[in-house]
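# Summary of the model geometry
Here are the chains, one letter per residue:
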Protein chains: 2
Amino acid sequence: MVTWNNLDTLASFQDLAKVDPVDLVSVMSGENGANRVKTYSAPMAEGLAFNYATKQVDADVLEALAKLAKEAQLTEKYAALYNGEVINTGEKRLVLHQLTRGQLGEDVVADGVNKRDFYVGQQKKVADFANKVHAGEITNEAGEKFTTVVQIGIGGSDLGPRAIYLALENWAKKNDLLKMEAKFISNVDPDDAAAVLNSIDVAHSLFIVVSKSGTTLETLTNEAFVKDALNNLGLDVSKHMLAVTSETSPLAKSDDYLAAFFMDDYIGGRFSSCSSVGGAVLSLAFGPEVFADFLDGAAEEDKLAMNEDILQNPDMLDALIGVYERNILGYPATAVLPYSQALNRFPAHLQQLDMESNGKSVNRFGEPVDYVTGPIIFGEPGTNGQHSFYQLLHQGTDIVPLQFVGFKNSQIGTDVVIEGSTSQKKLCANVAAQIIAFACGKDDENRNKKFDGGRPSSIIIGEDLNPKSLGALLAHFENKIMYQGFLWNVNSFDQEGVQLGKVLAKRVLAHETDGALKELSDLLEI
Amino acid sequence: MVTWNNLDTLASFQDLAKVDPVDLVSVMSGENGANRVKTYSAPMAEGLAFNYATKQVDADVLEALAKLAKEAQLTEKYAALYNGEVINTGEKRLVLHQLTRGQLGEDVVADGVNKRDFYVGQQKKVADFANKVHAGEITNEAGEKFTTVVQIGIGGSDLGPRAIYLALENWAKKNDLLKMEAKFISNVDPDDAAAVLNSIDVAHSLFIVVSKSGTTLETLTNEAFVKDALNNLGLDVSKHMLAVTSETSPLAKSDDYLAAFFMDDYIGGRFSSCSSVGGAVLSLAFGPEVFADFLDGAAEEDKLAMNEDILQNPDMLDALIGVYERNILGYPATAVLPYSQALNRFPAHLQQLDMESNGKSVNRFGEPVDYVTGPIIFGEPGTNGQHSFYQLLHQGTDIVPLQFVGFKNSQIGTDVVIEGSTSQKKLCANVAAQIIAFACGKDDENRNKKFDGGRPSSIIIGEDLNPKSLGALLAHFENKIMYQGFLWNVNSFDQEGVQLGKVLAKRVLAHETDGALKELSDLLEI
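Conventions used here
- Residues numbered from 1 in each chain as written.
- Chains lettered and ligands numbered in written order.
- Predicted model: local features only at pLDDT ≥ 70, side-chain atom pairs only at ≥ 80, totals over all residues.
- Heavy atoms only, no water.
- Phe/Tyr/Trp six-rings, centres within 6.5 Å; stacked < 30°, edge-to-face > 60°.
- Buried < 20%, exposed > 50% of the residue type's maximum accessible area, 1.4 Å probe, protein only.
- Helix = DSSP H or I, 4+ residues; strand = E, 2+ residues; numbered from the N terminus.
- Least-squares fit on C-alpha atoms with pLDDT ≥ 70 in both.
- Contact = heavy atoms within 4.5 Å.
- Pairing = 2+ DSSP bridges.
- Axes fitted to C-alpha atoms, helices over the stretch in contact; angles between N-to-C directions.
- Right-handed = clockwise from strand over helix to strand, strands pointing away.
- Buried area = accessible area lost by both parts, 1.4 Å probe.
- Salt bridge = Lys/Arg side-chain N within 4 Å of Asp/Glu carboxyl O.
- Polar contact = N/O pair within 3.5 Å; in protein donor to acceptor, adjacent residues only side chain to side chain.

### Remarks on the packing of aromatic side chains
By the definition in use, this model includes 36 aromatic pairs over all chains. Between the aromatic rings of Phe389(A) and Tyr390(A), the centroid separation amounts to 5.6 Å while the plane-to-plane angle is 55°, which identifies the pairing as tilted. Across this residue pair, the class does not change: Phe389(A) and Tyr390(A) are buried. Ring centres of Tyr165(B) and Phe184(B) lie 6.1 Å apart, and the angle between their planes is 55°; on these two criteria the pair is classed as tilted. Note that Tyr165(B) is positioned in helix H7 (residues 159-174) and Phe184(B) in strand S6 (residues 181-185), a separation of 19 residues in sequence. Judged on exposure class, the residue Tyr165(B) and its partner Phe184(B) are both buried. What links up through ring pairs into an aromatic cluster is the set Tyr339(A), Phe378(A), Phe389(A), Tyr390(A), Phe404(A) and Phe438(A).

So, in structure tokens, the structure goes:
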């Protein structure tokens, strides 16, 4: 039986605060630093490794974190989640995104359905459909093959699938696996849809409308925008449009779609990349086998996340260190810095995943908490960021913990040797150098050229960025965020904070406003 | 004569801390709120307006900020800068980016040259070259017109020009002004250059190598990468490559380039969008007249920034409010939220502009300061962000001030009416709704659905996003950051914090490391 307690009521949290903080500059010097790099590493799925040598932890801190994990019943809470308890208490829902990629515990039956069977069934339906499109069995009205797939969705229906597509696009091209080019329309700004439509061959495009509820303002608006364009070209809308939605949504009942694939209320939007939300567009773009590999990578990481030993559980360990940094050391933000151009939109996805899940001020019972919760998450790929905001990270007045990601090999494999090294080696040399520069700093008589060091980071290292390792990487962060939610005792699976804006926007459009909102609407000539 | 003092030594700053803080929920309600929206607005150039009704200011706070502006001698310091004093004291350089777009004060003569003449001369040289390319007078070896321009640069040579190109690409298409498509290669990750080269017609592409020093690792590596590709296609490198650099750099002396355009040490990389760094690629993409309009918009805003009355100086006012939020109210970050898909990379540019300029711990004399300086800057376009990280902004435990930007009209003009409103109206309705939701909140018995409000924001409102208004927008932020640097008494124009990483990366590549850095390099198989 698990019990849900606020972080600051746990004795182990109070004890953690009493452990001597680690001086990174000191522990990372000499042989000790080298030993930390060798030993402070937790294996992840698909050959990835989470190296935390440059985090402000040592044997004492790690022991305290292990006690915290135990007292907070982290593995038990994870088990409750994957065994189908109502973890999303606010919305009274199960939380089943891990079940889209594997069976971790007991069969989960809800609404009279075995949910694993349901998710696998939808994957098969998507795979069959994608195979037929690729084989030319499903075509446009003129009997011609579709070349492009366009996802119409926003938030969780956009950021994850888009980041994953971009992460694998060049890999797929290189391996002759890019079946269709994918594009994304998200913003209600009409320039978004117009620009995408201007850039594609609409007559050979499939459009996927993605909205769990079937009521998302932006997505329905953009669907209408696209239907308009199809009609203007004299094309049959129902031959070009697919839906990904819940079985109870208005979209599920429409005849406007060539096919509909389903998800359900037990998968939150930001956790839906492994459901049909990601599955449809990614299977069409890369083929179902690639998507299946991606799911396998995620499933392997989910298994690792069950481990009670925090040193063998990189997702939980990352979560614990993050809470230590946020609630004991007092750092306000975390930067995500993948040294991989292909991961250029991965930080934007993690930004939603993390900030929407844990940016809460009340615990799961609706009571205000007396400690800070989710940090600000931001990031850009390295080495680009080095020439941008790293100045503040190195010498600014706030300390920002850093989450690096790096791979030994490039995806495309085209490279050039300059001054004795390839670009890929230069990329890796830069991430190694940054980690040590942040941790160890450098003294200088000129205070302007001095680096205090003591700036913590971790790095996830892999061989290659491919579907399996990408799946593991995504699951790592999903599980980290889940564990942090457990520690902060918040409900990571609702998002009540997005509601008020929606309500007020409707009022503005209905011209039912007064006071400041009316004045603002007038200023914007709405 | 200006004197440079730390913020916390100013009597007006101590007084500011004593002013009663403003309760946004209270002041924004009813008629008072409506009045604030009407009156708390400072006109900007090109028809833009900076509305700060939902900032935590009132007459008392504004009066205290005006005193602070005066005691800190903000307009005098700006005058010293544009009149050519050595404001970048660390590197002993003038700071002349405003001079690329207009003459605000005295003639500035440096190194025996009138610098305004020099910048205008380079603009003319770029314009002549671009006109000849567009007219087919400068062609590839086969005598065919160039269709694509590729900028090879990183940091300031990438983020600003890229953000501006993307901001105007659809506007230019709509107005038949897109002369050449532009692409950008920045990252040393070989997959960046390889993917761009795979996506273009290399034989009809011009490549601009942009590096002030001519020694930037990433840029020289990517130049070699592109030269390799040109050679492999049997193309004459010197017919396809341009340089933007300083006159003293190694690139300036090379015969490898079809043309070279110059900037100088008085323009920092992140402030270089208005120099040849932005001028070459943007003039080639859109034509020199469009770039000239962009400069005119920036120049108009620069003039406004001279105003001693903070209520008539939106750049200074924005800076002052930001410092109040950071140093008195204690907020750690600022989010930049343009309700315009075209501005989707503008936040990334501002992130560099702000964090690299003011992410400092020492004052301009190299002495540690006892107060926080530049905040974390992040952001994504609305309405996308609403479905991502706004949850934390509304209900998280930290307050994050918000910088909105919105335009009444879309760029492309293709739109659709759904439920009685266009997409553009929906976009505007959303930004208005968010501003009020953040400021005023909403009570609810269910604490999970309650919004405390009190979350400050400002909005810059314009008619259209076009070259002139974009220029004004960019200058606004450049000037805001300059004024904040004056207030914090830091040197906003150097970036010593980026040096250590570069030095260590070279050591890694030369295999001259030991301890932790050697272990890390081994892990990454460098």
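So, next bit.
### Points about the relation of the copies chain B and chain A
When chain B is fitted onto chain A, the two copies agree to an RMSD of 0.0 Å after a turn of 180° and an axial shift of 0.0 Å. Within this description, the copies of the chain are treated as partners about a two-fold rotation axis. In terms of C-alpha distance to the rotation axis, chain B has Phe378(B) as its closest residue, with the C-alpha 3.2 Å off the axis. In this assembly the copies share their binding face: 100% of the residues contributing to the interface of chain B also contribute to that of chain A.

### Here we look at the sheet that holds strand S15 (residues 457-462) of chain A
Residue and element names in this part refer to chain A. An order of S1-S2-S15-S12-S10-S11 is seen for the six strands of this open sheet, with the pairing classed as mixed. Because the sheet does not close on itself, it has two edges, and the strands there are strand S1 (41-43) and strand S11 (376-378). Mean inter-strand twist for the sheet, computed between neighbouring axes without regard to direction, equals 15°. Of the strands in this sheet, strand S10 (333-339), strand S12 (402-407) and S15 are in contact with helix H15 (residues 423-440), which crosses S12 at around 155°.

### What to know about the pairing of strand S6 (residues 181-185) of chain A
Residue and element names in this part refer to chain A. Note: strand S5 (residues 148-152) against S6, five bridges, orientation parallel. When the bridges of S6 are listed, isoleucine 152 appears paired with isoleucine 185. Handedness of the crossover joining S5 and S6 through helix H7 (residues 159-174) is recorded here as right-handed.

### Considering the interface of chain B and chain A
Taken together, the contacts link 125 residues of chain B with 125 residues of chain A. Of the roughly 10900 Å² buried at the junction of chain B and chain A (both faces included), carbon and sulfur atoms supply 64%. Our count for the contact surface shared by chain B and chain A stands at ten salt bridges. A salt bridge links Lys408(B) to Glu525(A); its shortest N-O distance comes to 3.1 Å. The interface formed by chain B and chain A contains 48 residue pairs in polar contact (both at pLDDT 80 or more). With 15 residues, the top contributor of residues to the side of chain B that touches chain A is helix H15 (residues 423-440) of chain B.

### Brief notes about unusual backbone geometry
Residues and elements named next belong to chain A. That bond from glycine 382 to threonine 383 is cis: its omega, 10°, falls within 30 degrees of zero. Not every positive phi belongs to a glycine, and lysine 92 is a case in point at roughly 55°. Along the chain, lysine 92 falls in the loop between helix H5 (74-82) and strand S3 (109-110). By relative accessible area, lysine 92 is classed as exposed at 66%. Positive phi, close to 50°, is recorded for glutamate 419, a residue that is not glycine. The exposure class assigned to glutamate 419 is exposed, which follows from its relative accessible area of 80%.

### Re the side chain of Ser157(B)
Mapped onto the secondary structure, Ser157(B) falls in the loop between strand S5 (148-152) and H7. Look past the residues within four positions of Ser157(B) in its chain and what remains in contact with it is Gln151(B), Val210(B) and Val277(B).

### Some points on the pattern of salt bridges
Tallying each qualifying case throughout the model produces 51 salt bridges over all chains. The partner of Arg101(A) in a salt bridge is Glu478(A), with the nearest N and O atoms 2.9 Å apart. Here the residue Arg101(A) occupies a position in the loop between H5 and S3, and Glu478(A) occupies one in helix H16 (residues 467-488), the gap between them amounting to 377 residues. For Glu478(A), a relative accessible area of 0% translates into the label buried. We note a salt bridge from Arg345(B) to Glu380(A), for which the minimum N-O separation is 2.9 Å. Here Arg345(B), found in the loop between strand S10 (333-339) and helix H13 (346-358), pairs with Glu380(A), found in the loop between S11 and helix H14 (390-395), and the two come from separate chains. You can call Glu380(A) buried: its relative accessible area is 14%.

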